[in-house]
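Structural overview for review
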Amino acid sequence: MTQADMEVPVLDVPVDAPEHCPGTESELAGKVSACDGCPNQTTCASSGPKPPDPDIPIIKERMKGVKKKILVLSGKGGVGKSTFSSGLGWALSADEEVQTGLLDIDICGPSLPHLLGLTKETLHTSSSGWSPIYVTPNLSCISIGFLLPSTSSAIIWRGPKKNQLIKQFLKDVDWGDSLDYLVVDTPPGTSDEHLSVVQYLKEGGIDGAVLVTTPQEVSLQDVRKELDFCRKVGVKVLGVVENMSGFVCPSCNGKSDVFFPSTGGAKALAEEAGITFLGAIPLDPRIGKSCDFGVSFLEEYPNSPATKAYVEIVDKIRDALGPID
Ligand code: ADP
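Read on for an overview of the structure. Fair warning: this is a prediction, and the values are worked out from it, not measured in the lab. (Residues numbered from 1 in each chain as written. Predicted model: local features only at pLDDT ≥ 70, side-chain atom pairs only at ≥ 80, totals over all residues. Heavy atoms only, no water.)

1. As for the nonpolar core
Counting residues in each nonpolar core, the largest one holds 85 residues, and the members touching the most others are F84, L103, F169, L170, V197, I281 and I317. In terms of residue count, the dominant contributor to this core is helix 11 (residues 305-321) (7 residues). Residues contacting I281, with those up to four places away along its chain left out, are F84, V241, E242, N243, M244, S245, I287, A306, A309, Y310 and I313. (Core = buried A, V, L, I, M, F, W, Y, C linked by side-chain atoms within 4.5 Å. Buried < 20%, exposed > 50% of the residue type's maximum accessible area, 1.4 Å probe, protein only. Helix = DSSP H or I, 4+ residues; strand = E, 2+ residues; numbered from the N terminus. Contact = heavy atoms within 4.5 Å.)

Right, here's the structure in full:
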């Protein structure tokens, strides 16, 4: 799929702007690391108050019924962030009284449709907006994956185009009268998608971010960048999850460190940074298998060490977010 295939207006950004330009309308214009070296940085940073974005009140109205909004972040790809987002969705929705939505803003690499067994689904609209795809009666999902002709269709979009689609997701998706949790699965790093979602949800507020990492220092280094991002944009960090934390043998339940935490892993980082260590999820090949079949690992293997870790982590996240009533 290319830009021409979707009717999405393009934001007014300078042609010579860096690829991760937050957009001239953004309050972050000229002020974020993506702006370093941009010929327009000084103009953007000094051009006074920006005119209010007319879509922000629309997003605020749409998000009124969403009680808790959670960002799932990781510095690197492949650390299990989307797997964790889907696990969080499955776990929160285990309570049938609780409505949970998953919003996939990984525009170039949407994986939630696959992880939730929804690859054959396409989006529909009604008079009240875009309808999310329901995995169960109380777990729903929105992803660009539902708009693509096939799972191998590539999205080749620059920042402003991605921002517009994220805005449209936030503005137009009809999550129903009330959604208890909205889990936003983001791409790795801190770029357009992250800036957009923070900017567009600023008025309604984001309740917090969960950072996902693997135990190695190379992944932890990027978590420190995520922390810096959260601090700069004013998003509360709910805590850090260490995924792929050792391998638990399914036969004997013995543990070995496949990815060695040479600098102490996420726990040491959490202590150093003064954030909550939410827990460690071991490597378990059945997680990948469940994801490939689009089923809930937590339901399939309720007694596994990984499920126990998930349950404890999700409890801590729920507690950190506070009551939903
Ligand atoms: P990311 O979103 O960070 O790019 P994914 O969630 O796509 O990463 O996960 C990458 C791969 O790792 C997937 O194949 C997934 O099934 C697998 N995976 C994630 N967490 C675990 C785990 N704890 N044990 C085994 N495999 C895992």
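2. Overview of helix 9 (residues 285-293)
Within the span of helix 9, buried status applies to I287, S290 and C291. One face of helix 9 carries all of its buried residues, which in axial projection span an arc of 100°. Structural note: helix 9 exposes P285, D292 and F293 on the side pointing more than 90 degrees away from its buried face. Summarising the contacts, the buried residues of helix 9 are in contact with helix 3 (81-92), helix 4 (112-115), strand 11 (277-283), helix 10 (297-300) and helix 11. A positive phi of about 65° marks G294, the residue just after helix 9. (Arc of directions from axis to C-beta.)

3. Notes on the packing of aromatic side chains
With the rule as written, the count across this model stands at 3 aromatic pairs. Taking the centre distance of 5.7 Å and the plane angle of 15° together, the rings of F84 and Y310 count as stacked. Taken together, the residues F84 in helix 3 and Y310 in helix 11 connect sequence positions 226 residues apart. With a relative accessible area of 1%, F84 lands in the buried category. (Phe/Tyr/Trp six-rings, centres within 6.5 Å; stacked < 30°, edge-to-face > 60°.)

4. Remarks on the environment of L103
In this structure, L103 sits in strand 2 (residues 100-104). Every residue in contact with L103, bar those within four places of it in the chain, is listed here: I142, F169, L170, W175, L182, V183, V184 and D185.

5. Quick look at the pattern of salt bridges
Inspection of the entire model under this criterion finds 17 salt bridges. For the salt bridge of K60 with E203, the shortest nitrogen-to-oxygen distance reads 3.9 Å. Taken together, the residues span a long stretch of sequence, with K60 in helix 2 (residues 55-62) and E203 in the loop between helix 6 (192-201) and strand 8 (208-213) at a distance of 143 residues. Here K60 falls in the partly exposed class, since its relative accessible area comes to 41%. (Salt bridge = Lys/Arg side-chain N within 4 Å of Asp/Glu carboxyl O.)

6. Observations regarding the site of the ligand
In the neighbourhood of the ligand, 15 residues make up the surrounding shell, with G78, K81, S82, T83 and N243 lying closest. Contact distances for the ligand include 3.0 Å between an oxygen atom and a backbone N or O atom of G80. Side-chain polar atom of T83 to an oxygen atom of the ligand: 2.5 Å apart, as the coordinates give it. Calculation on the ligand without its partners gives an accessible area of 560 Å², and the protein chains cover 75% of this total. Contributing elements (two or more residues each) for the shell around the ligand: helix 3, strand 9 (237-248), strand 11 and helix 9. Taken together, the residues that form the shell around the ligand break down as 6 nonpolar, 7 polar and 2 charged. (Near = heavy atom within 4 Å. Polar contact = N/O pair within 3.5 Å; in protein donor to acceptor, adjacent residues only side chain to side chain. Areas by Shrake-Rupley, 256 points an atom, 1.4 Å probe, with all protein chains shown as cover. Nonpolar A, V, L, I, M, F, W, Y, C, P; charged D, E, K, R; others polar.)

7. Here's the deal with unusual backbone geometry
Here the phi dihedral of M244 falls at roughly 55°; this positive angle occurs in a residue that is not glycine. Here M244 lies in strand 9.

8. What about the pairing of strand 2?
Of all 5 residues that make up strand 2, 5 are buried, and the element is covered over most of its length. Here strand 2 shows a buried face lined by T100, L102 and D104 and a second buried face lined by G101 and L103. Direction of pairing for strand 2 relative to strand 7 (residues 179-185): parallel, over a ladder of 5 bridges. Looking at the pairing, T100 lines up with Y181 of strand 7. (Pairing = 2+ DSSP bridges.)

9. A few points about the packing of helix 3 against helix 11
Look at helix 3 against helix 11: their axes get within 10 Å of each other, and the N-to-C directions meet at 75°. With respect to their mutual orientation, helix 3 and helix 11 come out roughly perpendicular. Contacts from T83, F84, G87, L88, A91 and L92 of helix 3 reach helix 11 at Y310, I313, V314, I317 and R318. Here the residues of the contact of helix 3 with helix 11 sort into 8 nonpolar, 2 polar and 1 charged. (Axes fitted to C-alpha atoms, helices over the stretch in contact; angles between N-to-C directions. Parallel < 35°, antiparallel > 145°, perpendicular 65-115°, else oblique.)

10. Observations concerning the pairing of strand 6 (residues 139-143)
On a regular strand, each side chain points to the face opposite its neighbour's, so the side chains alternate between the two faces of the sheet. Most of strand 6 is tucked away: 5 of the 5 residues are buried. Side-chain alternation along strand 6 places L139, C141 and S143 on one buried face and S140 and I142 on a second face that is also buried. The pairing of strand 2 with strand 6 spans 5 bridges and is parallel. Paired with G101 across the bridge in strand 6 is S140. Pairing geometry for strand 5 (residues 133-136) and strand 6, over 3 bridges, is antiparallel. When the bridges of strand 6 are listed, Y134 appears paired with S140.

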